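What follows is each chain in one-letter form.
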Number of protein chains: 2
Amino acid sequence: MPAIVDHDSRREHVARIAADLIARVGLNSVTMRQIAAEAGFSTAIVTHYFSSKHELLLHTYRSTAISAQARVDAVLAQHPGDVLASLEALVPRDEESRRDWKVYIAFWHIAALDPVFAAEQAAQALNARRILHEALQARSARGWPPAEAEVATVAQRLLLILVGLSVQAVFDPVNWSADAIRRYLVAELGPLCDR
Amino acid sequence: MPAIVDHDSRREHVARIAADLIARVGLNSVTMRQIAAEAGFSTAIVTHYFSSKHELLLHTYRSTAISAQARVDAVLAQHPGDVLASLEALVPRDEESRRDWKVYIAFWHIAALDPVFAAEQAAQALNARRILHEALQARSARGWPPAEAEVATVAQRLLLILVGLSVQAVFDPVNWSADAIRRYLVAELGPLCDR
């Protein structure tokens, strides 16, 4: 019997390796050959899953965003409406999340040049706002923010805070420790924070 | 008599061309030869001013930040303490400022990999905070923010808002028109805004 190959998990494995390499050596230096070697596959197998570097990079960007969303989903499943914990699951505060932000920033550079990546960047921004919107809606039942219109405005504001804070923190992990990030978020969130 | 060559203005001319090219084709695609051709110089002249692409890129990053600072200085000379106008002089709201932000984002990608660019990024962030700090201090005389400690906190918060907003706006100029940016900033600034 032929070995059963889990194609999805292979694609994810390759995307994870690609993300690590992008954060380490940069988007332009990284090659399909290098990604294949680090993933333990032949270049032929990698090109079987991703027909071009462009396709692999796009998948890597999506995959990084999906794993960030999974972190928030896990938080919200435990503590519905915990906006602080949702934001903390997204900011760069450990090795993994710092790597994610290096990958996002690398992709922003392509998104500024390539319409396919620009569309993906817009979709990811919308998705991040939707995640924050849902966290806020779970709170809204408790009286704040008061109305749906307000929820959309606050979700947008939280996304901007998230991006601004994360760009600072990824370059300055000494001043933006996990504790410093929490203090900043608690102050920003005000009545949106239970702690 | 030999022609008088203004070396500083030549360097700035090259940096300006480099910034345009980086925003248009990306940091990695751009070559010294291409920059020289667009600047109307030989590659030899460009390498006389910048010994490497690395040095030229670093100068371009600084030069972009300096021209943004000059825009704020001009605003504050006219209207001391006008925080809204200072921020508006920095966000991507026209061709020039959008190009600047594409250049910043390109450099963030290198700053995530290269310690020299990381140090430069940290210096620029500090400088941006200092500019906002000065704008706030001019207001502080009018009673808000009340104390020096408060000024530093607000300056940091403004820098985060600036970065978060600008990253969204540079990718989504349709939803983030100059008017939409102003509405957002007015709401964020609250008592810091005179208008």
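Because the structure is predicted, anything quoted here is derived from the model rather than measured.

## What about the packing of aromatic side chains?
Here is step 1: Within this structure, the stated rule accounts for 13 aromatic pairs over all chains.
Here is step 2: For the pair Trp101 of chain A and Trp108 of chain A, a centre-to-centre distance of 6.1 Å together with 80 degrees between the ring planes defines the contact as edge-to-face.
Here is step 3: Trp101 of chain A sits in the buried class, given a relative accessible area of 5%.
Here is step 4: Since its relative accessible area comes to 4%, Trp108 of chain A is described here as buried.
Here is step 5: Three or more aromatic residues joined by ring pairs form one cluster here, namely Tyr61, Trp101, Tyr104, Phe107, Trp108 and Phe117 of chain A together with Tyr61, Trp101, Tyr104, Phe107, Trp108 and Phe117 of chain B.

## Observations concerning the side chain of Ser97 of chain A
Residue and element names in this part refer to chain A.
Here is step 1: Locating Ser97 in the fold gives a position in helix α6 (residues 95–111).
Here is step 2: On the basis of relative accessibility, which here comes to 2%, the residue Ser97 falls in the buried class.
Here is step 3: Contact partners of Ser97, with chain neighbours within four places excluded, come to Arg71, Val91 and Pro92.

## Quick word on the pattern of salt bridges
Residue and element names in this part refer to chain B.
Here is step 1: Across all of its chains, the model carries 24 salt bridges over all chains by this definition.
Here is step 2: Where Arg71 meets Glu96, a salt bridge forms, and the shortest distance between an N and an O atom there is 3.5 Å. Here Arg71 is found in helix α4 (residues 53–78), whereas its partner Glu96 is found in helix α6 (residues 95–111), with 25 residues between them in sequence.
Here is step 3: The salt bridge involving Glu188 is made with Arg157; its shortest N-O contact spans 2.8 Å. With Glu188 in helix α9 (residues 178–189) and Arg157 in helix α8 (residues 148–171), the pair connects residues that are 31 residues apart, well separated along the chain.
Here is step 4: Judged by its relative accessible area of 22%, Arg157 is partly exposed.

## A few points about the relation of the copies chain B and chain A
Here is step 1: Once chain B is rotated about the relating axis by 180 degrees and shifted along it by 0.0 Å, it coincides with chain A to within an RMSD of 0.0 Å. Those values place the two copies in the arrangement expected of a two-fold rotation axis. Across chain B, the smallest distance between a C-alpha and the rotation axis is recorded for Gly164 of chain B, namely 1.9 Å.
Here is step 2: Same-surface contact between copies: 100% of interface residues of chain B are shared with the interface of chain A.

## With respect to the packing of helix α1 (residues 7–25) of chain A against α6 of chain A
All names here are of chain A.
Here is step 1: Packing of α1 against α6 brings their axes to within 9 Å, and their N-to-C directions diverge by 80 degrees. As judged from the angle between their axes, α1 and α6 are roughly perpendicular. Where α1 abuts α6, its residues Arg16, Ala19, Asp20, Ile22 and Ala23 lie against Glu96, Arg99, Lys102, Val103, Ala106 and Phe107.
Here is step 2: Residue composition of the contact of α1 with α6, grouped by class: six nonpolar, no polar and five charged.

## Regarding α9 of chain B
Residue and element names in this part refer to chain B.
Here is step 1: The terminal C-alpha atoms of α9 lie 16 Å apart, and with twelve residues this matches the ideal 16 Å at 1.5 Å per residue to within 8%.
Here is step 2: Residues of α9 that are buried include every one of Ala180, Ile181, Tyr184, Leu185, Glu188 and Leu189, and no others. Down the axis of α9, the buried set is contained in an arc of 160 degrees. They therefore lie on one face. Seen from the open side of α9, the exposed residues pointing more than 90 degrees away from its buried face are Asp179, Arg183 and Ala187.

## Focus on the nonpolar core
Here is step 1: Counting 137 residues, the largest nonpolar core has Phe107 and Trp108 of chain A together with Phe107 and Trp108 of chain B as the members making the most contacts within it.
Here is step 2: Filtering out sequence-adjacent residues up to four positions away, Phe107 of chain A remains in contact with Ile22, Leu27, Leu57, Leu58, Thr60, Tyr61 and Phe117 of chain A.

## So, the side chain of Gln124 of chain B
Residues and elements named next belong to chain B.
Here is step 1: As for its placement among the helices and strands, Gln124 is situated in helix α7 (residues 115–140).
Here is step 2: Note on Gln124: relative accessible area 16%, which makes it buried.
Here is step 3: Those residues in contact with Gln124 that lie beyond four places of it in its chain are Tyr61, Arg62 and Ala65.

## Things to note about the interface of chain B and chain A
Here is step 1: If you look at the interface, chain B gives 30 residues, while chain A gives 30 residues.
Here is step 2: Together chain B and chain A conceal approximately 2600 Å² of surface at their shared face, both sides included; 68% is due to carbon and sulfur atoms.
Here is step 3: The largest share of the area that chain B buries against chain A comes from His109, Leu160 and Phe171 of chain B, three residues that together contribute 25% of it.
Here is step 4: Where chain B packs against chain A, one counts two salt bridges.
Here is step 5: Across the contact surface, chain B and chain A share four residue pairs in polar contact (both at pLDDT 80 or more).
Here is step 6: Of all the secondary structure elements, the ones that give two or more residues to the side of chain B that touches chain A are α1 (7–25), α6, α7, α8 and α9 of chain B.
Here is step 7: Per element, the largest residue contribution to the side of chain B that touches chain A is ten residues, and it comes from α8 of chain B.
Here is step 8: Here the side of chain B that touches chain A is composed, by residue class, of 19 nonpolar, seven polar and four charged.

## Let's talk about the packing of α4 of chain B against α7 of chain B
All names here are of chain B.
Here is step 1: Interhelical geometry of α4 versus α7 gives an angle of 5 degrees and a closest axis separation of 11 Å. Comparing their axes, α7 and α4 come out roughly parallel. Judged by residue contacts, His54, Leu57, Leu58, Tyr61, Arg62, Ala65, Gln69, Val72 and Leu76 of α4 engage Val116, Phe117, Glu120, Gln121, Gln124, Asn127, Arg130, Ile131 and Ala135 from α7.

Conventions we followed
- Residues numbered from 1 in each chain as written.
- Chains lettered and ligands numbered in written order.
- Predicted model: local features only at pLDDT ≥ 70, side-chain atom pairs only at ≥ 80, totals over all residues.
- Heavy atoms only, no water.
- Phe/Tyr/Trp six-rings, centres within 6.5 Å; stacked < 30°, edge-to-face > 60°.
- Buried < 20%, exposed > 50% of the residue type's maximum accessible area, 1.4 Å probe, protein only.
- Helix = DSSP H or I, 4+ residues; strand = E, 2+ residues; numbered from the N terminus.
- Contact = heavy atoms within 4.5 Å.
- Salt bridge = Lys/Arg side-chain N within 4 Å of Asp/Glu carboxyl O.
- Least-squares fit on C-alpha atoms with pLDDT ≥ 70 in both.
- Axes fitted to C-alpha atoms, helices over the stretch in contact; angles between N-to-C directions.
- Parallel < 35°, antiparallel > 145°, perpendicular 65-115°, else oblique.
- Nonpolar A, V, L, I, M, F, W, Y, C, P; charged D, E, K, R; others polar.
- Expected span 1.5 Å × (residues − 1).
- Arc of directions from axis to C-beta.
- Core = buried A, V, L, I, M, F, W, Y, C linked by side-chain atoms within 4.5 Å.
- Buried area = accessible area lost by both parts, 1.4 Å probe.
- Polar contact = N/O pair within 3.5 Å; in protein donor to acceptor, adjacent residues only side chain to side chain.

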